[in-house]
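# Coordinates in review
One-letter residues, chain by chain:
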Amino acid sequence: MEFVGSSTHKKHKKYKKHKKHKAKDDIISDLPESVINYILSFLPTKDAVRTSVLSKRWIEKWTLITNVELDDSVFYSSKKKSERKTLQQCFINFVNRVLLLTGSHSVESFSLAIANNYDPSVLNTLITCILKKRVKKLSISLSKELTFSTLTTYYLYNHATCLEELVLTIKTYYSAIKIPLYKISGVFLFTSLKLLKLYGVTFTIDKSQQIIFSVLKKFESQNCLWLSAGVADVTLELKAPLLESVYIMQNRVPLTSELPCKIKFSDSRLKEFTYEGDGMTKDIVLSDPPSACNATFTNNFSSVQETETRVSPLLEQFSQVKRIKLQFYTEPNVAILPKFAMLSYLELGFVDIKFLLGLFQNSPALNTLLFKIV
């Protein structure tokens, strides 16, 4: 005979066992705090914040993340235009909350991507607050033009001692991130920066200045402008004793009346130098590039005169290197080609026969010639 109470007791026991087994399945919460923080740091920051609703124990776990990624386009996806102002404020509030609650520990990497319109003072305040956190890796990507305020510029050059990687990007072709260096004074020193990537950034100076990069190894610049604030013959010197790689791409035509300034790389140990584009070559100065440097030039000049006036001054600075790659589309005046006394390896793309013969005449040590059409 089986009593009803006995059946109920068995079901209750089975339920307790199932509940206990289910609790054991939550292995994430049982992980060490350091491991949980590590996992959360690889989630998009918005998703990491969402874990705070899991339980009381998880309310503040996300505040210990070491990698922060903030992208306003996530807030605007599938939303009506009428809600944009509200969404803007929601995003700003979210960023402020992240900056406030992650302030008790070291944030190693910070990425800020802005695709929509905001008040410039708001963006400058956010960037300044990020720089105050002394992050190691910083990436700022904007779709609209922004001029750094004096305070933001000051913090960039005086409170970035921990910064190891810096990426500044403007996605709109004829817009720019403008950094007015002439508004601040003093020695510009980056003691930890190893990687610098600039896309669409405009620097303006009113006198010759020097920026010291103690450990910089890689420099990359695409469609950046280096301008003088109404003063002729000024130079921005980048002193980087450990610099190994320079990549410059310049297809952007400056829509300004301001004069270009020279950009000088000094005390470097260059192994790779690459230039692509159709402008600013006469404004690039390298102090004694080593013979071991591999130099690559790809130019899109529309006339012989442009090639002569822009390419030759840059080529002359590499007259002592052993390896060069050239990709020209017009025939320069062979008479202005520099002598390449140590050149042993030459890789060519589209070149004129006269130009080729001129290179042969000016390269007595040449032993390897490679034609590579790309």
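Everything below is about the structure shown above.
Remember, it's a predicted structure, so these values are computed and weren't measured experimentally.

Here we take up the environment of S109. Tracing the sequence through the fold places S109 in strand β2 (residues 109–114). Distance in space between the C-alpha atoms of S109 and E164 is 9.8 Å, their sequence separation being 55 residues. In contact with S109, other than residues within four places in its own chain, are T66, N67, V68 and K137.

Tallied over the full model, the rule gives 3 salt bridges. Put simply, D267 and K239 hold a salt bridge, and the shortest N to O gap is 3.7 Å. Of this pair, D267 sits in the loop between β16 (262–266) and β17 (272–277) while K239 sits in strand β13 (residues 235–239); the two residues are 28 residues apart in sequence, bridging distant segments of the chain. For K271, the salt bridge goes to E244, with nearest N and O atoms at 3.9 Å. Taken together, the residues K271 in the loop between β16 and β17 and E244 in the loop between β13 and β14 (245–250) connect sequence positions 27 residues apart. Judged by its relative accessible area of 48%, K271 is partly exposed.

A word on the packing of helix α6 (residues 120–132) against helix α7 (residues 150–158). A pair of packed helices is characterised by two quantities: the angle between their axes and the separation of those axes. Packing of α6 against α7 leaves a shortest axis separation of 9 Å and a crossing angle of 20°. For the element pair α6 / α7, the angle class is roughly parallel. Both α6 and α7 take part in a crossing whose hand is left-handed. Of α7, the residues touching α6 (which contributes N124, I127, T128, L131 and K132) are L151, T152, Y155 and L156. Residues that form the contact of α6 with α7 fall into these classes: 5 nonpolar, 3 polar and 1 charged.

So, about α7. Among the residues making up α7, those that are buried are T152, T153, Y155, L156 and Y157. On its buried side, α7 packs onto α6, β5 (165–170), β6 (177–180), β7 (188–190), β9 (201–205) and β10 (209–213).

Before going further, it helps to examine a nonpolar patch on the surface. On the surface, a cluster of nonpolar side chains totalling about 450 Å² of accessible area is made up of I353, L357, F360, L369 and F371. Contributing elements (two or more residues each) for the nonpolar patch: α9 (353–362) and β22 (368–371). The element best represented in the nonpolar patch is α9, accounting for 3 residues. As for its placement among the helices and strands, I353 is situated in helix α9.

Applying the stated criterion across every chain yields a total of 11 aromatic pairs. A centroid spacing of 4.8 Å and a plane angle of 5° characterise the contact between F203 and W226, whose relative ring orientation is stacked. With F203 in strand β9 and W226 in strand β12 (residues 225–228), this pair connects stretches of sequence that are 23 residues apart. As far as burial versus exposure is concerned, F203 and W226 are alike and both buried. Lying across the ring of Y345, R323 places its NZ or CZ 3.9 Å from the centre.

Conventions we followed
- Residues numbered from 1 in each chain as written.
- Predicted model: local features only at pLDDT ≥ 70, side-chain atom pairs only at ≥ 80, totals over all residues.
- Heavy atoms only, no water.
- Helix = DSSP H or I, 4+ residues; strand = E, 2+ residues; numbered from the N terminus.
- Contact = heavy atoms within 4.5 Å.
- Salt bridge = Lys/Arg side-chain N within 4 Å of Asp/Glu carboxyl O.
- Buried < 20%, exposed > 50% of the residue type's maximum accessible area, 1.4 Å probe, protein only.
- Axes fitted to C-alpha atoms, helices over the stretch in contact; angles between N-to-C directions.
- Parallel < 35°, antiparallel > 145°, perpendicular 65-115°, else oblique.
- Left-handed = near helix turned anticlockwise from the far one by under 90°.
- Nonpolar A, V, L, I, M, F, W, Y, C, P; charged D, E, K, R; others polar.
- Patch = residues over 30% accessible without salt bridge, like charges linked within 9 Å, V, L, I, M, F, W, Y side chains within 5 Å.
- Areas by Shrake-Rupley, 256 points an atom, 1.4 Å probe, with all protein chains shown as cover.
- Phe/Tyr/Trp six-rings, centres within 6.5 Å; stacked < 30°, edge-to-face > 60°.
- Lys NZ or Arg CZ within 6 Å of the ring centre and 35° of its normal.

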